[in-house]
Structures are given as structure tokens and as C-alpha cells.
Amino acid sequence: ASLDGSAKATCKVTVKKTLELADHWTVINDNPINRRVSSNGKLIIMSEKGDLWGSSANSKNPTRNIVLTTPTAEDFTITTKLDFSPKVHCESAGLIVFADADNYFSVMRRYHNKYGGNVIGFTNEINGSGTEQTVPDTIAGPIYLKIEKSGENLTGYYSVDNENWVQIGSTQ
């Protein structure tokens, strides 16, 4: 250090704003360590152990970070681009129409031992009794998922380009 006052130092301070979900969103079984909103507004959720299927009976492994908003009573369509490559049993990500852990409709990309590995599927669980349909997931890279509500019916789709959709299941 100089005693004549000629020494100078600079310090660059960067302040990062934590981005959060808007007020109309809620998170069930929140684990904020594995959930964040990126600077460009993308929701990033790191997968964790847990599965909705049978979750009321098996509450020791609840699904974490289920992000919800209340839809209108009218018909709707929801879509998402999903950049996710599941590698272990029941690792899943997707879209869900959720009443509770025993009543929901979901479209997801997942890894499931029973179905031979990577699949795209839909699950419809009513009063704890569920049905599931899957197709093999041979797509490298991101996919798009969509749920359409028309009247009382829900239909799930996937796409590689967000234009040409393949139906994978319906409540009809």
C-alpha cells in the first residue's frame, strides 16, 4: 500500500434480483431450493424423488414443486416446452390439471421401468383410481406438451415442433 494516497482500488458489485412466480401461481409441496425463475422468465424445476401415483397412500415421497394456477371454467388450452431427459424410475415432468393428489389429469415425459424406460404419457386419476397410457419416447431434445379442455373432457398431446400434435390420451 502506498502512504502517499496514490493507491486505488475498485470493487464491482453485482446485484441480482430474485425472480418469483406471479401472485396467481401457487406451489404445492414447495422446495424452493430446486425451483427458480430464470432471468428470461423460464421456470426451472430440478426433479426430485416422488410421484403422484398413489401419493395419498404413500405420502413419504410426495411430488415436489407442483406449480398451479386456477383455470377459468371455460374451455382452455395449456402448452409447455419441456427440456427434460428423465433417467431414473418415475422421474417425470409435464402439465397437470390438478384437484388433489387423488384427482388429476397429467401429460408428461417420464422414465418408467414398467413401460421400458423413456415414455410420453398421460395419467387420469379419479378418487385414487388411475389409468395411464404411454408411447415410447424416442425424441432427442425438447418436446412440447399440451392439454386441451373442451366441455368436461381433457385431452393430452405432444409435439416436436409446437405445430403438429400427436394425441396420447383423453378422458372421453
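The numbers attached to residues start from 1 for each chain and follow its sequence in the written order. Confidence filtering applies because this is a predicted model: local features only for residues at pLDDT of at least 70, side-chain atom pairs given and counted only at 80 or more, and all residues used for totals across whole chains, interfaces and linings. The basis for the side-chain values is all heavy atoms of the structure; hydrogens and waters are excluded.

## Quick notes on the pattern of salt bridges
Thought 1: The rule for a salt bridge is simple: a side-chain nitrogen of Lys or Arg has to be within 4 Å of a carboxyl oxygen of Asp or Glu. Inspection of every chain in the model, using the stated rule, returns five salt bridges.
Thought 2: The shortest N-O distance in the salt bridge between Arg35 and Asp30 comes to 3.0 Å.
Thought 3: A relative accessible area of 37% places Asp30 in the partly exposed class.
Thought 4: Here Glu132 makes a salt bridge to Arg110, at a shortest N to O gap of 2.6 Å. Residue Glu132 is found in strand E9 (residues 129–136), and its partner Arg110 is found in strand E7 (residues 103–112); the two are separated by 22 residues along the sequence.
Thought 5: Each residue is placed in one exposure class: buried if its accessible area under a 1.4 Å probe, protein chains only, is under 20% of its type's maximum, exposed if it is over 50%, and partly exposed if it falls in between. Under the relative-accessibility criterion, Glu132 is labelled buried at 19%. Numbering of helices and strands runs from the N terminus, with a helix taken as a DSSP run of H or I at least four residues long and a strand as a DSSP run of E at least two residues long.

## Things to note about the sheet that holds strand E5 (residues 76–82)
Thought 1: Strands qualify as paired when DSSP identifies two bridges or more between them. Read across the open sheet, the four strands follow the order E5-E10-E11-E12; overall the sheet is antiparallel. Of all the strands in the sheet, the pair left with one neighbour each is E5 and strand E12 (166–170). Pairwise comparison of adjacent strand axes, ignoring direction, gives a mean angle of 20 degrees for this sheet.
Thought 2: Where strand E10 (residues 143–150) meets strand E11 (residues 153–159), seven bridges bridge the pair, whose relative direction is antiparallel. Bridging from a neighbouring strand, Ile147 pairs with Gly156 of E11. All axes here are fitted lines through C-alpha atoms, helices being fitted over the stretch that makes contact, and every angle between N-to-C directions spans 0 to 180 degrees.

## Here's the deal with the environment of Lys114
Thought 1: Checked against the element boundaries, Lys114 lands in the loop between E7 and strand E8 (117–126).
Thought 2: For Lys114, a relative accessible area of 65% puts it in the exposed group.
Thought 3: In this structure the C-alpha to C-alpha distance between Lys114 and Cys90, which are 24 residues apart in sequence, comes to 9.8 Å.

## Some details on the pairing of E12
Thought 1: Pairing between E11 and E12: four bridges, direction antiparallel. Looking at the pairing, Tyr158 lines up with Val166 of E12.
Thought 2: Counting the residues in the hairpin turn of E11 and E12 gives six residues, including Asn162, whose phi is positive at 70 degrees.

## Focus on the side chain of Ser38
Thought 1: Relative to the elements of secondary structure, Ser38 occurs in the loop between strand E2 (35–37) and strand E3 (43–45).
Thought 2: By relative accessible area, which is 9% here, Ser38 ends up buried.

## As for the nonpolar core
Thought 1: Residues belong to a common nonpolar core when they are buried Ala, Val, Leu, Ile, Met, Phe, Trp, Tyr or Cys residues joined through side-chain atoms within 4.5 Å. Phe105, Val107, Ile120, Leu145 and Ile147 are the most contacted members of the largest nonpolar core, which has 13 residues in total.
Thought 2: When contributions to this core are tallied by element, the ones reaching two or more residues are E7, E8, E10 and E11.
Thought 3: Two residues qualify as a contact provided that any one of their heavy atoms is within 4.5 Å of a heavy atom in the partner residue. Apart from the residues lying within four places of it in its own chain, the contact partners of Ile147 are Phe76, Thr77, Ile78, Leu95, Ile96, Val97, Phe105, Val107, Leu154 and Thr155.

## Considering the packing of aromatic side chains
Thought 1: Each Phe, Tyr or Trp ring (for Trp, its six-membered ring) is paired with any other whose centre lies within 6.5 Å, and the angle between the two planes then decides the class: stacked below 30 degrees, edge-to-face above 60, tilted in between. Evaluation of the coordinates by the stated rule reveals one aromatic pair.
Thought 2: When the centroid spacing of 5.4 Å and the interplanar angle of 35 degrees are considered together, the rings of Phe105 and Phe122 count as tilted. Here Phe105, found in strand E7, pairs with Phe122, found in strand E8; they are 17 residues apart in sequence, far enough to count as distant. For the pair formed by Phe105 and Phe122, the shared burial category is buried.

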